[in-house]
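Overview (structure and organization)
Listed here are the chains, written in short residue letters.
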Amino acid sequence: MGISQYIKEIGRGKDGARSLTRAQATDLLGQVLDGQVTDLEVGGFCLAMRIKGETPEEMAGFLDAAHARLHKLPDNGVTTVVLPSYNGARKLPVLTPLLALLLAQRGAAVLVHGTATEDRRVFAASVFAELGVAAAREVPATLRAGAVAHVPTEVLCPALKRLLDVRRAVGLRNPAHSLVKLMNPCAGQAFIVGSYTHPEYAQSMAATWALTGAHALLLRGTEGEPVADARRTPRMEVFRDGERVEVQAQQDGPLAKLPALPEVDATSTATYIRAVLNGSLPIPTPIALQVEHILRETAHHEPATHALAL
């Protein structure tokens, strides 16, 4: 069928472009992920959407298409914390692995998914490797409470990884870069921790989650990673059953006492994370607060039998 009819709608420029319905967006991305379109059409789609921007209805449709094609983590009987890690570190160390391991220490099942999207940043995968946490070659058959799984995007959906890689060819993000921060790769209960870099993305992510009824936490993360900036506490909002609630107010200005953070490289970051995990260094306050909010929300949605066992 092709997607040329959709490109005609979305590719009329910032002011002339028309938005797609959720069903149309599902069909469009489904064809892209299934490899039914040419590279030229994929490039046209990516550039058109970059200029137009995605509506919540379109993003919900893109999520529908992706969710139908993901190799999902089987239902493990608990609420899995999902950390999408796609931005990496440029000026600050990438502490997403620290967040994941702190949550696991407290008994949470944690799934970290992601891939390198640029060449000049340090990504969570490198830090996990330094910590001895190997990237999964396939989706785990199960993920127990207290464990962390690091699953590359190509394991969840090879076609989605290829769409992310279009950025390397054209130099611009496309809907896949927003989609991976919103998607649920779990067949069972999941709590997604989403982050943004610019306020307009916060608005679009919030609207999409409200539309799809996701259970999620949204914050302005560290350089786009889903972990709070160790130097200041950001606003944190929870999405639950279609409702949006602020659970943490934004701190004005930096902390009174700033933590001694490591260099940006993977080895230094891993050494710092080990020190925090064994208690040699304190947990940065914003990250400690984020951990508590996440654990509170996962407990809120645990099955009754599991909650009684705790």
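Being a predicted model, the structure only gives us computed values, none of them experimental.

**Considerations on the confidence of the model for the chain**
Low pLDDT marks regions whose predicted coordinates should not be analysed in detail. Of the residues in the chain, 96% have a pLDDT of 70 or more, and the chain-wide mean is 92. Segment residues 303–310 is flagged for pLDDT under 50; beyond a separation of four residues in sequence, or across chains, it makes two contacts in the model.

**A short note on the environment of Pro286**
Relative to the helices and strands, Pro286 is located in helix H14 (residues 285–300). Sequence separation between Pro286 and Thr79 is 207 residues; the distance between their C-alpha atoms is 23 Å. With sequence-adjacent residues up to four places away left out, Pro286 is seen in contact with Ala228, Asp229, Ala230, Arg232, Thr233, Pro234, Met236 and Leu255.

**Focus: the sheet that holds strand E2 (residues 109–114)**
Read across the sheet, seven strands follow the order E3-E2-E1-E4-E5-E6-E7 without closing on themselves; strand pairing throughout is mixed. Lying at the two open borders of the sheet, with one neighbouring strand each, are strand E3 (148–152) and strand E7 (243–248). Pairwise comparison of adjacent strand axes, ignoring direction, gives a mean angle of 25 degrees for this sheet. Two elements, strand E1 (residues 80–85) and E2, share six bridges in a ladder whose sense is parallel. By the bridge assignment for E2, Ser85 is matched with Gly114. Against the sheet, helix H12 (residues 199–212) makes contact with strand E4 (190–196), strand E5 (216–220), strand E6 (236–240) and E7, and its axis sits at roughly 155 degrees relative to E4, the strand it touches most.

**Observations concerning empty space enclosed by the protein**
Tallying each qualifying case throughout the model produces one cavity of 30 Å³ or more. The calculated volume of the largest cavity comes to roughly 50 Å³. Contributing to the lining of the largest cavity are Leu92, Pro93, Leu95, Thr222, Ala228, Asp229, Ala230 and Leu261. Within the lining of the largest cavity, the residues separate by chemical class into six nonpolar, one polar and one charged.

**Thoughts on unusual backbone geometry**
The phi dihedral of Glu223 is positive, around 50 degrees, even though this residue is not glycine. In this fold, Glu223 is placed in the loop between E5 and E6.

**Looking at H12**
For H12, with 14 residues, the first-to-last C-alpha span of 20 Å sits near the 20 Å given by 1.5 Å per residue. Of the positions making up H12, those classed as buried are Ala202, Met205, Ala206, Thr208 and Trp209. The buried residues of H12 occupy an angular sector of 165 degrees when projected down its axis, which confines them to one face. For H12, the secondary structure elements touched by its buried residues are helix H5 (56–67), helix H11 (175–182), E4, E5, E6 and E7. Positive phi shows up at Gly213, right after H12, with a value of about 70 degrees.

**Topic: a nonpolar patch on the surface**
A surface patch of nonpolar side chains, amounting to about 200 Å² of accessible area, comprises Leu47, Val170 and Leu172. Locating Leu47 in the fold gives a position in helix H4 (residues 39–52).

**What to know about the side chain of Glu58**
For Glu58, the position within the fold is in helix H5. From its side chain, Glu58 meets the backbone nitrogen of Leu20 in a polar contact 2.8 Å long.

**Looking at the packing of helix H6 (residues 96–105) against H14**
In contact at an axis separation of 10 Å, H6 and H14 are set at 50 degrees when each is read in the N-to-C sense. Considering their axes alone, H6 and H14 lie oblique with respect to each other. Relative to H14, H6 is oriented so that their crossing is right-handed. Mapping the contact onto sequence places Leu98, Leu99, Leu102 and Leu103 in H6 and Ile287, Gln290, Val291, Ile294 and Leu295 in H14. In the contact of H6 with H14, the residues fall into eight nonpolar, one polar and no charged.

Criteria and cut-off values
- Residues numbered from 1 in each chain as written.
- Predicted model: local features only at pLDDT ≥ 70, side-chain atom pairs only at ≥ 80, totals over all residues.
- Heavy atoms only, no water.
- pLDDT = per-residue confidence, 0-100.
- Contact = heavy atoms within 4.5 Å.
- Helix = DSSP H or I, 4+ residues; strand = E, 2+ residues; numbered from the N terminus.
- Pairing = 2+ DSSP bridges.
- Axes fitted to C-alpha atoms, helices over the stretch in contact; angles between N-to-C directions.
- 1 Å grid on protein atoms, 1.4 Å probe; cavity = no way out; pocket = protein on both sides within 12 Å on 5 of 7 lines; lining within 4 Å.
- Points joined across faces, edges and corners; volume = space filled by probe spheres on them.
- Nonpolar A, V, L, I, M, F, W, Y, C, P; charged D, E, K, R; others polar.
- Expected span 1.5 Å × (residues − 1).
- Buried < 20%, exposed > 50% of the residue type's maximum accessible area, 1.4 Å probe, protein only.
- Arc of directions from axis to C-beta.
- Patch = residues over 30% accessible without salt bridge, like charges linked within 9 Å, V, L, I, M, F, W, Y side chains within 5 Å.
- Areas by Shrake-Rupley, 256 points an atom, 1.4 Å probe, with all protein chains shown as cover.
- Salt bridge = Lys/Arg side-chain N within 4 Å of Asp/Glu carboxyl O.
- Polar contact = N/O pair within 3.5 Å; in protein donor to acceptor, adjacent residues only side chain to side chain.
- Parallel < 35°, antiparallel > 145°, perpendicular 65-115°, else oblique.
- Left-handed = near helix turned anticlockwise from the far one by under 90°.

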